Amino acid sequence: MILLDNQTDYKINLQFLENIANYLNVDRDIELLIVNNNTIKSLNQEYRGIDKETDVLSFPLEGIGDLPLGSIVISIDKAKEISTKLGHNIDDELALLFIHGLLHLLGYDHEVDNGEMRDEEERVIKEFNLPLSLIVRNQGGV
């Protein structure tokens with residue numbers, strides 16, 4: 001189950017995100033925070049030492065009993081900006097960011113793997129008929 005903390009006024013299509021989590025056989029709760037650019041910038045600075053906004057952050061809680069699998073933080077401002085730039089809807093962008101964050105919670109890491117996260121991301125994206133993945137977009141300079 002997704003434990004949503006929506007700190008914005010955007011209505012989140014929670015059922016769509018639940019369907020994605022179920023497709024990936026997630027058997028623990030996931031904390032999902034929807035925030036603005038100021039909040040995600042602050043978190044990015046605090047936890048990664050990067051003083052700028054980002055689209056999604058993941059905080060896994062590996063093997064800690066009944067706690068959630070981890071937290072995914074998504075910037076609604078970035079989701080709106082990117083979806084407008086690329087010509088798709090905000091719900092699709094939120095789903096892409098959620099998939100990316102969730103795969104990190106599940107142990108994938110595109111910065112060190114041999115394409116496994118990209119392949120898994122593409123498989124899920126195809127299943128849900130979504131636009132280009134974050135990894136593909138970032139490799140193409142979008």
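Residues numbered from 1 in each chain as written. Predicted model: local features only at pLDDT ≥ 70, side-chain atom pairs only at ≥ 80, totals over all residues. Heavy atoms only, no water.

Examining the environment of Ile34
For the record, the criterion: Think of it this way: any DSSP run of H or I at least four residues long counts as a helix, any run of E at least two long counts as a strand, and we number them from the N terminus. Working rule for contacts: check all heavy atoms of both residues, and any pair within 4.5 Å makes them a contact.
When you line up the elements, Ile34 lands in strand E2 (residues 30–35). Spatially, the C-alpha atoms of Ile34 and Asn44 are 14 Å apart, while their sequence positions differ by ten residues. Other than its neighbours up to four places away in sequence, Ile34 contacts Leu4, Asp5, Asn6, Gln7, Thr8, Ile12, Ile74 and Ile76.

Some words on the sheet that holds strand E3 (residues 56–60)
So the rule is basically this: A strand pair is defined by DSSP finding two or more bridges across the two strands. Orientation is described by axes fitted as lines to C-alpha atoms, over the contacting stretch for helices, and by angles from 0 to 180 degrees between their N-to-C directions.
Here four strands make up an open sheet; going across it, the order is E1-E2-E4-E3 and the pairing mixed. One side of each edge strand has no neighbouring strand; the edge strands of this open sheet are strand E1 (2–6) and E3. The mean angle between the axes of side-by-side strands here comes to 15°, regardless of whether they run parallel or antiparallel. Of the strand pairs in this sheet, E1 and E2 are connected by five bridges, and their pairing is parallel. Paired with Leu4 across the two strands is Leu32, which belongs to E2. Each of E2 and strand E4 (70–75) is contacted by helix H3 (residues 76–86), which is oriented at about 55° to E4, the strand it contacts most. Contacts between helix H4 (residues 90–105) and the sheet are confined to E1, E2, E3 and E4, with E4 contributing the most and set at about 150° to the helix.

Details of the packing of helix H1 (residues 14–23) against H4
Helix-helix packing is described using two parameters, namely the angle between the two axes and the distance between the axes. Quick note on the threshold: It is the rotation of the near helix from the far one that decides the hand of a crossing: anticlockwise by less than a right angle makes it left-handed, clockwise makes it right-handed. Just so you know the grouping, Ala, Val, Leu, Ile, Met, Phe, Trp, Tyr, Cys and Pro go in nonpolar, Asp, Glu, Lys and Arg go in charged, and all remaining residues, Gly too, go in polar.
Closest axis-to-axis distance for the H1/H4 pair is 10 Å, and the angle between their directions is 35°. The hand of the H1/H4 crossing is right-handed. For the pair formed by H1 and H4, the contact residues are Phe16, Leu17, Ile20 and Ala21 on the first element and Leu94, Ala95, Phe98, Ile99 and Leu102 on the second. When its residues are assigned to classes, the contact of H1 with H4 shows nine nonpolar, no polar and no charged.

Considerations on the nonpolar core
Note the threshold: Nonpolar core, defined: a set of buried Ala, Val, Leu, Ile, Met, Phe, Trp, Tyr and Cys residues in which side-chain atoms within 4.5 Å join the residues together. Remark: exposure states derive from per-residue accessible area (1.4 Å probe, protein chains only) relative to the maximum for the residue type, with buried under 20%, exposed over 50%, and partly exposed in between.
By size, the foremost hydrophobic cluster in this structure holds 31 residues, and its most contacted members are Ile20, Ile72, Ile74, Phe98 and Leu102. Elements with a minimum of two residues in this core: H1, E2, E4, H3, H4 and helix H5 (116–127). Examining the composition of this core, we find that nine residues originate from one element, H4, more than from any other. Once residues lying within four places of it in the same chain are set aside, the contact partners of Ile20 are Ala95, Phe98, Ile99, Val124 and Phe128. Listed in part, the six residues of the second largest apolar core include Leu33, Val35, Ile40 and Val73.

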